[in-house]
Amino acid sequence: MGSQEVSNVDWQGKHVTVAGLGVSGIPAARALHERGALVTVVNDGDDERSRAQAAELEALGITVRLGDGDTLPESTELVVTAPGWKPSKPLFQAAAEADVPVWGDVELAWRLRGPDAAPWLAVTGTNGKTTTVRMLASILGAAGLRTAAVGNIGVSLLDAVLGDETYDVLAVELSSYQLHWAPSLRAHSGAVLNLAPDHLDWHGSMAGYAADKGRIYEGNTVACVYNVQDPATEDLVREADVEEGCRAIGFTLGTPGPSQLGVVDGILVDRAFVANRQKQAQELAEVGDINPPAPHNIANALAAAALARAFGVEPAAVRDGLRAFRPDAHRIEHVADVDGVTYIDDSKATNTHAAEASLAAYEPIVWIAGGLAKGATFDELVTGAAKRLRGVVLMGADRALIGEALARHAPEVPVVDLDRTDTGAMSEAVREAARLARPGDTVLLAPACASMDMFVNYNKRGEAFADAVRGLAGESA
């Protein structure tokens, strides 16, 4: 079954193990069961939610094993895994020993596409994926194309591929996990936005992480979009095996060279998809059309524009799509201005790379940071941001790591260390930040850490920040 297109496989009676209940596992189990496969779902958890999900699947005739995600069921011919399951799990080691292929939900969706399936414009990177994919979908929609933002963004690719709705093109967000388990994926065009250390415990090394990100370029037919300011992304293009005629297209915040998109005097310009790219440039949009016009968000817009242009979208649609785009909550979101101080919620900055981009967008800054470091170090981040910092408020389990970096590289910056990890700490953090801030400053929640030490997720952390800021605004009214 390794290299066959699944649409040509007779699923009747095939023994398939689906690893993991959840947003990808349940649709995969249902889709395979509907095609006649003998499906067994294995899941690590055995909690109330898992039991409820299992009961729904078992009512269809699907076998579910809760609390045992490590054992490979007998007779398994294929494993379809949730993207987050580590390759080191005993289940996958057993599959390798039995010569059983392992696919992710993206691989299954790719294989189950119909003959007239919409092409995929695919995006990955350490940061900015969701924003870029949503910008891309907005641009494609402005061009009159039937599209959707799918993949790691919340809409299951299986649902998009197997649903009743037809599309002209899909804007697809792919995580490194998903790409690891998607050996057959061949996108129309793909982009790697940036590369910074993340999820190394899952991938085993930076090289492994980069290699999985680079899979997005394999078999591209029109364009491999890379970040000129991040040479590692261009290296991945060089290593990719692409279709004849596929081009490397760079994006840069500076003046673009031939086969690049960039910025000139506040204008986004295209020197890649024009008749004479040596001498011509096409105006696409103004920096002011991007919301918000922070540097990393301009880079996201350029990457989205490059993929759209690779698909033949006209310049006016790029402009209109960017103007219509509104960012998701907790991504450099303006919360309020209180007593001349601007409060920005970038709770989504869960790693140092994202926080670096956020810190580069403002000055002077009172920075609220901390949480779960996930093995990260903070010296480089602090060194780059030191001159912008008015003060820092630290909270969360690993705040001392940031505090030590500040002591080494920004000893003159005042630091408030909140020795608490309860959810109410956010209100105190905002009050302390307000005390440090002066009119004209920005109080920036860009934690550079994961949230699970104190909050269910980064959304809840951002909501706590916004609530605290609104409380502050009420007091000063």
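Residues numbered from 1 in each chain as written. Predicted model: local features only at pLDDT ≥ 70, side-chain atom pairs only at ≥ 80, totals over all residues. Heavy atoms only, no water.

Trainee: Would you explain the overall build of the chain in this entry?
Mentor: A count of helices and strands for the chain gives 17 helices and 20 strands. The dimensions of the chain, computed from C-alpha atoms along their principal axes, are 70 × 60 × 40 Å. Among the 477 residues that make up the chain, the fraction classed as buried is 56%. Total accessible area computed for the chain in this model is approximately 19500 Å², and 46% of it derives from carbon and sulfur atoms. Positive and negative charge centroids in the chain, built from 40 and 64 side chains respectively, lie 4 Å apart. (Helix = DSSP H or I, 4+ residues; strand = E, 2+ residues; numbered from the N terminus. Buried < 20%, exposed > 50% of the residue type's maximum accessible area, 1.4 Å probe, protein only. Areas by Shrake-Rupley, 256 points an atom, 1.4 Å probe, with all protein chains shown as cover. Lys, Arg positive; Asp, Glu negative; His and termini not counted. Charge placed at Lys NZ, Arg CZ, Asp CG, Glu CD.)

Trainee: I would appreciate a short explanation of unusual backbone geometry in the present structure.
Mentor: Going from Asn-291 to Pro-292, the amide bond is cis rather than trans, its omega being -10°. Here Pro-292 is to be found in the loop between β14 (282–286) and α11 (295–310). Cis geometry is found at the peptide bond from Glu-363 to Pro-364, where omega equals -15°. By the element assignment, Pro-364 lies in the loop between α13 (352–359) and β17 (365–369). The residue Asp-265 is not glycine, and still its phi comes out positive at about 50°.

Trainee: Which parts of the structure should I look at to understand the sheet that holds strand β4 (residues 78–81)?
Mentor: Strand pairing in a sheet relies on backbone hydrogen bonds, with the paired strands running either antiparallel or parallel. With parallel pairing, five strands are arranged side by side in an open sheet as β3-β2-β1-β4-β5. Of all strands in the sheet, those with a lone pairing partner are β3 (63–66) and β5 (102–104), marking the two edges. Looking at each pair of strands side by side, their axes are set apart by 25° on average, direction ignored. For strand β1 (residues 15–19) and strand β2 (residues 38–43), the ladder comprises five bridges, and the chain directions are parallel. Note that in β2 the partner of Val-18 across the bridge is Val-41. Sheet contacts for helix α3 (residues 90–97): β1, β2, β4 and β5; angle to β4, the most-contacted strand, approximately 150°. (Pairing = 2+ DSSP bridges. Axes fitted to C-alpha atoms, helices over the stretch in contact; angles between N-to-C directions. Contact = heavy atoms within 4.5 Å.)

Trainee: Even after reading the chapter, I still don't get the nonpolar core, so can you show me in this structure?
Mentor: As a rule of thumb, soluble globular proteins bury nonpolar side chains together. In this structure, Trp-11, Leu-32, Val-41, Trp-120, Leu-174 and Tyr-217 are the most contacted members of the largest nonpolar core, which totals 53 residues. Broken down by element, the residue count for this core peaks at five residues, all from helix α4 (residues 105–112). Setting aside residues up to four positions removed in sequence, Leu-32 forms contacts with Trp-11, Val-16, Val-18, Ala-37, Val-39, Val-80 and Leu-108. Counting 41 residues, the second largest nonpolar core, distinct from the first, contains Ala-137, Leu-284, Ile-290 and Val-318. (Core = buried A, V, L, I, M, F, W, Y, C linked by side-chain atoms within 4.5 Å.)

Trainee: Where do I start with the confidence of the model for the chain in this structure?
Mentor: Regions with low pLDDT should not have their predicted coordinates read in detail. Summary statistics for the chain give a mean pLDDT of 91 and a share of 96% for residues scoring 70 or more. Scored below 50 in pLDDT, residues 1–6 makes 18 contacts in the model with residues more than four places away or belonging to other chains. (pLDDT = per-residue confidence, 0-100.)

Trainee: Explanation requested: the side chain of Thr-81 in the structure shown.
Mentor: Looking at the secondary structure, you find Thr-81 in strand β4. The class for Thr-81 is buried, based on a relative accessible area of 2%. Leave out the neighbours within four places in its chain, and Thr-81 touches Ala-19, Phe-92, Val-102, Trp-103, Gly-104, Asp-105 and Trp-181.

Trainee: Just checking my understanding: could you explain the environment of Leu-136 for this structure?
Mentor: Along the chain, the position of Leu-136 falls in helix α5 (residues 129–142). According to the relative accessible area criterion, Leu-136 is buried, its value standing at 0%. Through-space distance from the C-alpha of Leu-136 to that of Val-18 is 31 Å; in sequence the pair is 118 residues apart. Excluding its chain neighbours within four sequence positions, the residues that come into contact with Leu-136 are Leu-121, Ala-171, Ala-304, Leu-307 and Ala-308.

Trainee: Whenever I open this one, the state of the cysteines confuses me. Can you help?
Mentor: Linking two cysteines covalently via their sulfur atoms produces the bond known as a disulfide. By the definition in use, this model includes zero disulfides. Free cysteine Cys-224: the closest other cysteine sulfur is in Cys-246, separated by 3.8 Å. Classification of Cys-224 by relative accessible area gives buried; the value is 2%. (Disulfide = S-S within 2.5 Å.)

Trainee: Explain the pairing of strand β10 (residues 223–227) to me, please; I cannot follow it from the model alone.
Mentor: Every regular strand shows the same layout, with side chains that alternate between the two sheet faces. A large share of β10 lies buried, amounting to five of its five residues. Where strand β9 (residues 189–192) and β10 come together, three bridges link them in parallel fashion. Across the sheet, Ala-191 pairs through a bridge with Val-225, a residue of β10. Here five bridges tie β10 to strand β11 (residues 247–251), and the two strands are oriented parallel to one another. Within β11, the position partnered with Asn-227 by the bridge is Phe-251. Following the chain from β10 across helix α10 (residues 231–239) to the adjacent parallel β11, one finds a crossover that is right-handed. (Right-handed = clockwise from strand over helix to strand, strands pointing away.)

Trainee: Teacher, can you tell me more about the pairing of β17 here?
Mentor: The buried count for β17 comes to five of five residues, which makes it a mostly enclosed element. Sheet topology places β17 next to strand β18 (residues 389–394); five bridges connect them, and they run parallel. Looking at the pairing, Ile-368 lines up with Val-393 of β18. Between the parallel elements β17 and β18, the chain passes through helix α14 (residues 379–385) in a crossover that is right-handed. Pairing analysis gives four bridges linking β17 to strand β20 (residues 442–445), with the strands arranged parallel. Looking at the pairing, Ile-368 lines up with Leu-445 of β20.

Trainee: I keep staring at the packing of helix α1 (residues 25–34) against helix α2 (residues 48–60) and nothing clicks. Help me out?
Mentor: Two packed helices can be described by the angle between their axes and the distance between those axes. Where α1 contacts α2, the two axes come as close as 11 Å, and the packing angle between them is 5°. Compared by their axis directions, α1 and α2 come out roughly parallel. Two secondary-structure elements touch here, α1 through Ile-26, Ala-29, Arg-30 and His-33 and α2 through Gln-53, Glu-56, Leu-57 and Leu-60. Residues that form the contact of α1 with α2 fall into these classes: four nonpolar, two polar and two charged. (Parallel < 35°, antiparallel > 145°, perpendicular 65-115°, else oblique. Nonpolar A, V, L, I, M, F, W, Y, C, P; charged D, E, K, R; others polar.)

Trainee: Looking at this structure, how should I read α11?
Mentor: An α-helix turns once per 3.6 residues; consequently, residues spaced three or four apart project the same way. Taking 1.5 Å per residue, 16 residues should reach 22 Å; α11 reaches 23 Å between its end C-alpha atoms and fits that length. Counted residue by residue, α11 has 14 buried out of 16 residues, so it is predominantly covered. Looking one or two residues past α11, Gly-312 carries a phi angle of roughly 95°, positive in sign. (Expected span 1.5 Å × (residues − 1).)

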